[in-house]
Amino acid sequence: MKKVGPGMLIVSAIALLFLVAPIFVAIPLAFSNARTLIFPPPGWSLMWFEAFFKRPDFVKGLRISLVSATASTILVTLIAGITAYGVVHMHGTKKRLVSLLLNVPLLIPVLVIGIAMLFFLARLRLSGTLPGLILGQVMLCLPLVFLIILAALENYNPNLEDAAASLGAPPLLVFREAVLPQVTTGLAAGAALAFITSMADTTMSLFLRGPGATPLPAAMIAYMRARIDPMIGSSAVIFLCISIVFLIIINRLIGFEAVMGVREE
Amino acid sequence: MYLELNHLSKRYDNVVAIDDVSLSIAQGEFVTFLGPSGSGKSTILRMIAGFTRSDSGYIKLNGELIQEKPPYKRNLGIVFQDYSLFPHMTVQQNVAFGLRMRKVSKEEQARRVADALETVRLSGYEKRLPNQLSGGQRQRVALARAIVIEPLVLLLDEPLGALDRKLREEMQIELRRIHEALGVTTIFVTHDQEEALTMSDRVAILSGGQLHQMGTPYGVYERPATDFVADFLGRANLLQLAVVACEDSLIKAKLPGGSLISVPAIGEVATQDDIQVLVRPEHISFYPPAGDTPCNTVECAVERISYHGSGAYAILNGPGDVQLIAYISARELAEHGEAHQGQRITVYWPISASTILSRRA
Ligand SMILES: Nc1ncnc2c1ncn2[C@@H]1O[C@H](COP(=O)(O)OP(=O)(O)OP(=O)(O)O)[C@@H](O)[C@H]1O
Ligand SMILES: [Mg+2]
């Protein structure tokens, strides 16, 4: 462990407070018994959760969010994982060029990608459908997830594959014994990021939603156009719970430190 | 021969990594590949291991063509320069890996792993992870992992490169001891010429993807085949001479400054040829050799004396801008006193100590 000075500690505390404070406003609101947004809430109840689950558009939106986020997470993690695996086996200019190209989408505002996706999906006759929405979220997450996985594979040692092979491991066992143990951490971190980004995505959803493909954030925006009430808080809490459940599942699979990029030395 | 490489060549885009290399190695031999960085040592090793395919040529191991065999069927033990231990496995699991792949029973695995760890003197470290070991210990684990499968050939790619000098010398002795104990055919890669000369039965000297010479340490040092080999191994005086007379066993040739030199004749050399001749610094002396050994003599001026361990290198200016390096042992220095800069001096070397390297018509 490195020594942390008091100055560093104060700065970290302020940054943390700043990051976390909004959550501490949203959570109490969710349990308010008021009809309007009042903070702090005058009393407590679960009425806004009840109201949330009574709205068919929200329940359906939640289901669509879960389905599309799961699908795009699987797709993105696979694509980004295989790409990053390829890139760590490249050298020199080729490596830099491919990494650069895959990061270019990060420079383009989601709004622009959303519009482009809209036209693209219309051509494929996929606009307003669930596959279209999933494709959009894949587009959204891919560069980010690729970056995370590539960073996690920085210490990837391709020689381990040769070492395993020379010791008698056929290709499938090389993959299981020498590749997988080196990449699971990166893949898990990538999957976590993909899932949370897809779940929370609003911009892309607004472009790509349709009758059978309106995820929760898009449904909430539509609702909030008419009124603003503590329902926002309760849906925020539901989102939070889903994210936490997802992280717990991944944690169960491979360890929390790995996902959050914290490692004991 | 046990292992034969035949006319191997390999290009990468615009680099020729291996250029028509042929060599053969007998069973149980300890052979070193020596060459500067980028000379193709690792590439040849990777070809033998099956990680890299040659563009042309073939490899025969124990009478069998292994070109089409994937690495996992070749049964070779490899130690990589970075050791490449599996970081998520303990020492025990690392060493047992090859046995597990061969579906050896648990009891036999345990027994053979213990044997291998004993051979590399690392018993008691079974439960450690690689990152809890020192560099030298990791190196031993890598070696144990490679020998435990009883490989046909042991391939060591600069296994001592990452160690400090003292540990390096210890491991050199260890490696020879293990080689003698197991008798396994071993190819050892290094770019350290001293290491190559002290450790090997034979040395293969590579440069620019070409095999320059393969021979015993004494042979490649005293009778180098090319000027590259002469220069790469130790320090060398490479004299450019013009042949003036050829006798049966002796060639008389002229230095640019006009001094006449005698060289033992080898190959076809004719009058008027330009030849290049090697004389090792340790054969050049300030004093005539004892007895009546036939000698060459050259008049020089001392330019600089640099002390070096057990003796000194004298940089000398001969006639016609020829520069010579002589190695003067401490004993000679003690007996005859130090030479000083600018001093005029006659140097001697036995005629038999000069070797013709190349001939240009
Ligand atoms: N995968 C590759 N792609 C392109 N060029 C390569 C590749 N592998 C090796 N080379 C080139 O082939 C030549 C020989 O490389 P090699 O690694 O065999 O040298 P080496 O003798 O092992 O050097 P060192 O002592 O630095 O390890 C070098 O010029 C190298 O750049
Ligand atoms: Mg090398």
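That block above? That's the structure.
So, a few notes on the structure that sits alongside this text. Predicted model only: the values in this text are computed from it and were never measured.

For a regular strand, side chains alternate in direction, first toward one face of the sheet and then toward the other. Across seven bridges, the pairing between strand 1 (residues 3–12) of chain B and strand 2 (residues 15–25) of chain B is antiparallel. When the sheet's bridge partners are listed, Leu8(B) is paired in strand 2 of chain B with Val21(B).

What follows deals with the layout of surface pockets. Quantified by volume, the second largest pocket comes out at close to 490 Å³. In terms of lining, the second largest pocket is formed by 13 residues, of which the most central are His89(A), Met90(A), His91(A), Tyr12(B) and Arg46(B).

This part is about the site of ligand 1. Residue and element names in this part refer to chain B. In the region of ligand 1, 13 residues are neighbours, and Ser37, Gly38, Lys41, Ser42 and Thr43 sit closest. Take Lys41: an N or O atom from its side chain is 2.8 Å from an oxygen atom of ligand 1. Within the side chain of Thr43, one N or O atom sits 2.4 Å away from an oxygen atom of ligand 1. Protein burial of ligand 1: of its 640 Å² of free accessible surface, 64% is covered by the chains. Among the residues making up the shell around ligand 1, the classes are represented as four nonpolar, seven polar and two charged.

What follows concerns the pattern of salt bridges. Residues and elements named next belong to chain B. If you walk through the whole model with that rule in mind, you get 20 salt bridges over all chains. With a shortest N-O distance of 3.3 Å, Arg53 and Glu68 are connected by a salt bridge. On the criterion of sequence distance, the pair formed by Arg53 in the loop between helix 1 (41–49) and strand 4 (56–61) and Glu68 in the loop between strand 5 (64–65) and strand 6 (77–79) is long-range, its members being 15 residues apart. The exposure classification of Arg53 matches that of Glu68, with both residues exposed. Several salt bridges converge on common partners, so that one network encompasses Arg121, Arg140, Glu174 and Arg177.

So, about the packing of aromatic side chains. We describe a pair of aromatic rings using the distance from one ring centre to the other and the angle between the two ring planes. Residues and elements named next belong to chain A. Scanning the entire structure with this criterion turns up twelve aromatic pairs over all chains. Taking 5.3 Å as the distance between ring centres and 70° as the angle between the ring planes, the aromatic pair formed by Phe58 and Tyr223 counts as edge-to-face. Here the residue Phe58 occupies a position in helix 3 (residues 56–88), and Tyr223 occupies one in helix 10 (residues 216–226), the gap between them amounting to 165 residues. By the burial criterion, Phe58 is buried, and Tyr223 matches it. Ring geometry for Tyr85 versus Tyr156: centroids 5.9 Å apart, planes at 80°, classification edge-to-face. With Tyr85 in helix 3 and Tyr156 in the loop between helix 6 (130–152) and helix 7 (159–166), this pair connects stretches of sequence that are 71 residues apart. Following the ring pairs from residue to residue traces out a cluster consisting of Phe52, Phe53, Phe58 and Tyr223.

Rules used in this analysis
Residues numbered from 1 in each chain as written. Chains lettered and ligands numbered in written order. Predicted model: local features only at pLDDT ≥ 70, side-chain atom pairs only at ≥ 80, totals over all residues. Heavy atoms only, no water. Pairing = 2+ DSSP bridges. Helix = DSSP H or I, 4+ residues; strand = E, 2+ residues; numbered from the N terminus. 1 Å grid on protein atoms, 1.4 Å probe; cavity = no way out; pocket = protein on both sides within 12 Å on 5 of 7 lines; lining within 4 Å. Points joined across faces, edges and corners; volume = space filled by probe spheres on them. Near = heavy atom within 4 Å. Polar contact = N/O pair within 3.5 Å; in protein donor to acceptor, adjacent residues only side chain to side chain. Areas by Shrake-Rupley, 256 points an atom, 1.4 Å probe, with all protein chains shown as cover. Nonpolar A, V, L, I, M, F, W, Y, C, P; charged D, E, K, R; others polar. Salt bridge = Lys/Arg side-chain N within 4 Å of Asp/Glu carboxyl O. Buried < 20%, exposed > 50% of the residue type's maximum accessible area, 1.4 Å probe, protein only. Phe/Tyr/Trp six-rings, centres within 6.5 Å; stacked < 30°, edge-to-face > 60°.

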